[in-house]
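The lines below spell out each chain.
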Amino acid sequence: MDFNFKKLASDASGFINRAVQFTEEKLGKAEKTELDAHFENLLQRADKTEEHTKRLLGSMEGYLQPNPTVRMEEFFYEKLELRKEGGRMNNLEYLGQAMTEAGNEFGAGTPYGGALLKVAHTEYKLGNAERDFINSCASNTLLPIRRFLEGDMRTIQRERKVLMNKRLDLDACKSRLRKAKSLESQTNQQAKGGGGSGGGMTAEQAEADLRVAQAEFDKQAEITKLLLEGIQTAHNNQLKCLRDFVEAQMTFYAQSHQHMADLQRELSGALSADSGLSLYSGSSSVSSNSTDSNKNKTKTDSPDQ
């Protein structure tokens with residue numbers, strides 16, 4: 001219990017010292033340890049990577065599932081590790097279902113009903129292709145990107161926060177060392193003049209604290225730097241995800257084009273057959289009418305003869 005109390009008191013003291021140091025820096029009353037230019041560039045690249053990766057992920061999710069309600073539902077199912085019974089029909093399959101019902105109602109033997117059933121069959125194919133495309137993108141593109149944001153990126157931000165605290169501790173130690181040296185100088189002058197001795201932290205204690213703070217800061221800076229340099233590996237991994245996305249998209253659109261081309265040929269063939277049948281029926285009707293007319297005319301002329 002005593003150990004926990006001491007640790008709590010130490011943490012509280014460190015928090016207060018950091019808050020004081022941070023406030024004085026903002027007011028321009030304290031010096032701040034600056035990171036080198038390369039380190040700052042790594043930090044900026046990490047921030048830009050996180051910002052644009054989040055935007056890309058959101059845009060891809062919106063493209064693959066435009067309905068925000070469905071996206072939220074799927075997100076909760078994924079987080080809770082639940083599996084829904086059955087699959088949700090997509091819009092193309094709903095369209096195919098409506099056309100199937102209409103085609104059956106009008107009759108498969110009618111031109112319109114038969115065409116509806118043909119189109120419905122193709123819409124089901126397009127719906128299956130779209131589902132395969134979404135599943136492929138979700139597993140090969142969205143999942144790795146989301147893991148990067150929730151894993152590596154969070155680790156980087158956490159270590160950056162630790163580095164920020166270590167830097168504040170270091171600068172606070174530097175400030176205490178300056179104050180201790182200034183106090184010792186004043187104390188020595190007072191001692192020479194016959195004055196009393198001053199209290200507070202000695203310069204030796206402040207220097208010892210500064211060495212510890214400097215070592216902890218350097219160690220944390222090295223850890224954070226290694227994580228930041230790993231951003232390039234993340235870029236390479238996301239480049240592979242992007243290629244997988246383009247390949248899946250190309251496959252989906254190629255399949256869709258092939259399905260629609262086949263449907264167009266089927267409908268054109270059916271239309272030509274129906275047109276030929278209609279033309280044949282029309283010619284037969286005209287011929288029959290002409291024959292009946294000639295017969296009637298013959299019957300009409302025969303009494304006069």
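Where an unreviewed UniProt entry is consulted, the chain appears under the name BAR domain-containing protein, with the organism given as Plectus sambesii.

Below, the discussion takes up the overall build of the chain. The secondary structure content of the chain amounts to eight helices and zero strands. Traced from its N-terminal end to its C-terminal end, the chain shows the element sequence α-α-α-α-α-α-α-α. Here the chain, with 305 residues, has 25% of them falling under the buried criterion. At a minimum sequence separation of 6, the contacts of the chain that also span at least 24 residues come to 79%. Carbon and sulfur atoms form 55% of the exposed surface of the chain, whose accessible area is close to 20,800 Å².

Residues Leu239, Leu242 and Val246 make up a contiguous nonpolar surface patch of roughly 240 Å² in combined accessible area. Tracing the backbone shows Leu242 in helix H8 (residues 231–301).

Our next topic: the side chain of Thr224. If you trace the backbone, Thr224 turns up in helix H7 (residues 203–229). Among the polar contacts made by the side chain of Thr224, one reaches the main-chain carbonyl oxygen of Gln220 at a distance of 2.8 Å. Those residues in contact with Thr224 that sit more than four places away from it in its chain are Phe39, Glu159, Arg160 and Leu163.

On to the confidence of the model for the chain, then. With 73% of its residues at a pLDDT of at least 70, the chain reaches an overall mean of 82. Here helix H1 (residues 2–26) stands out as the least confident element of the chain, with mean pLDDT 64; helix H4 (residues 91–106) is the most confident, with 96. With pLDDT under 50 throughout, residues 279–287 is counted as low confidence; its partners more than four residues away or in other chains account for zero contacts.

Our focus in this paragraph is the packing of aromatic side chains. By the definition in use, this model includes six aromatic pairs. Relative to Phe252, the ring of Phe133 has its centre 5.0 Å away and its plane inclined at 10°; by these criteria the two rings are stacked. Of this pair, Phe133 sits in helix H5 (residues 111–150) while Phe252 sits in helix H8; the two residues are 119 residues apart in sequence, bridging distant segments of the chain. Each member of the pair Phe133 and Phe252 is classed as buried. Through a chain of ring-to-ring contacts, three or more aromatic side chains come together here, namely Tyr63, Phe133, Phe245, Phe252 and Tyr253.

Across the interface, helix H2 (residues 37–64) lies against H5 with an axial gap of 11 Å and an inter-helix angle of 155°. Here H2 lies roughly antiparallel to H5, going by the angle between them. Relative to H5, the crossing made by H2 is left-handed. Along the contact surface, H2 presents Thr49, Glu50, Thr53, Lys54, Leu57, Met60, Glu61, Tyr63 and Leu64, while H5 presents Phe133, Ile134, Cys137, Thr141, Leu142, Ile145, Arg146, Phe148 and Leu149. In the contact of H2 with H5, the residues fall into eleven nonpolar, three polar and four charged.

As a further point, take the pattern of salt bridges. Tallied over the full model, the rule gives eight salt bridges. Of the charged contacts in the structure, one is a salt bridge between Arg146 and Glu61, with a shortest N-O distance of 2.5 Å. Pair noted here: Arg146 is in helix H5 and Glu61 is in helix H2, with a separation of 85 residues, a long-range link. Two residues, Asp262 and Arg265, come together in a salt bridge whose shortest N-O distance is 2.2 Å. Pair noted here: Asp262 and Arg265 are both in helix H8, with a separation of three residues, about one helical turn. Note on Asp262: relative accessible area 26%, which makes it partly exposed. Given a relative accessible area of 53%, Arg265 falls into the exposed group.

As a further point, take the packing of H2 against H7. It is at 10 Å that the axes of H2 and H7 come closest, and there the two elements cross at 50°. In terms of axis orientation, H2 runs oblique to H7. Remark: the crossing between H2 and H7 carries left-handed chirality. Across the interface between the two elements, His38, Phe39, Leu42, Leu43, Arg45 and Ala46 of H2 pack against Ala221, Thr224, Lys225, Leu228 and Glu229 of H7. Across the contact of H2 with H7, the residue classes break down as six nonpolar, two polar and three charged.

A separate point is the environment of Lys166. Topologically, Lys166 is positioned in helix H6 (residues 152–192). A C-alpha to C-alpha distance of 8.9 Å links Lys166 and Asp218, two positions 52 residues apart in sequence. Leave out the neighbours within four places in its chain, and Lys166 touches Glu216, Phe217 and Gln220.

Cut-off values and rules
Residues numbered from 1 in each chain as written. Predicted model: local features only at pLDDT ≥ 70, side-chain atom pairs only at ≥ 80, totals over all residues. Heavy atoms only, no water. Helix = DSSP H or I, 4+ residues; strand = E, 2+ residues; numbered from the N terminus. Buried < 20%, exposed > 50% of the residue type's maximum accessible area, 1.4 Å probe, protein only. Contact = heavy atoms within 4.5 Å. Areas by Shrake-Rupley, 256 points an atom, 1.4 Å probe, with all protein chains shown as cover. Patch = residues over 30% accessible without salt bridge, like charges linked within 9 Å, V, L, I, M, F, W, Y side chains within 5 Å. Salt bridge = Lys/Arg side-chain N within 4 Å of Asp/Glu carboxyl O. Polar contact = N/O pair within 3.5 Å; in protein donor to acceptor, adjacent residues only side chain to side chain. pLDDT = per-residue confidence, 0-100. Phe/Tyr/Trp six-rings, centres within 6.5 Å; stacked < 30°, edge-to-face > 60°. Axes fitted to C-alpha atoms, helices over the stretch in contact; angles between N-to-C directions. Parallel < 35°, antiparallel > 145°, perpendicular 65-115°, else oblique. Left-handed = near helix turned anticlockwise from the far one by under 90°. Nonpolar A, V, L, I, M, F, W, Y, C, P; charged D, E, K, R; others polar.

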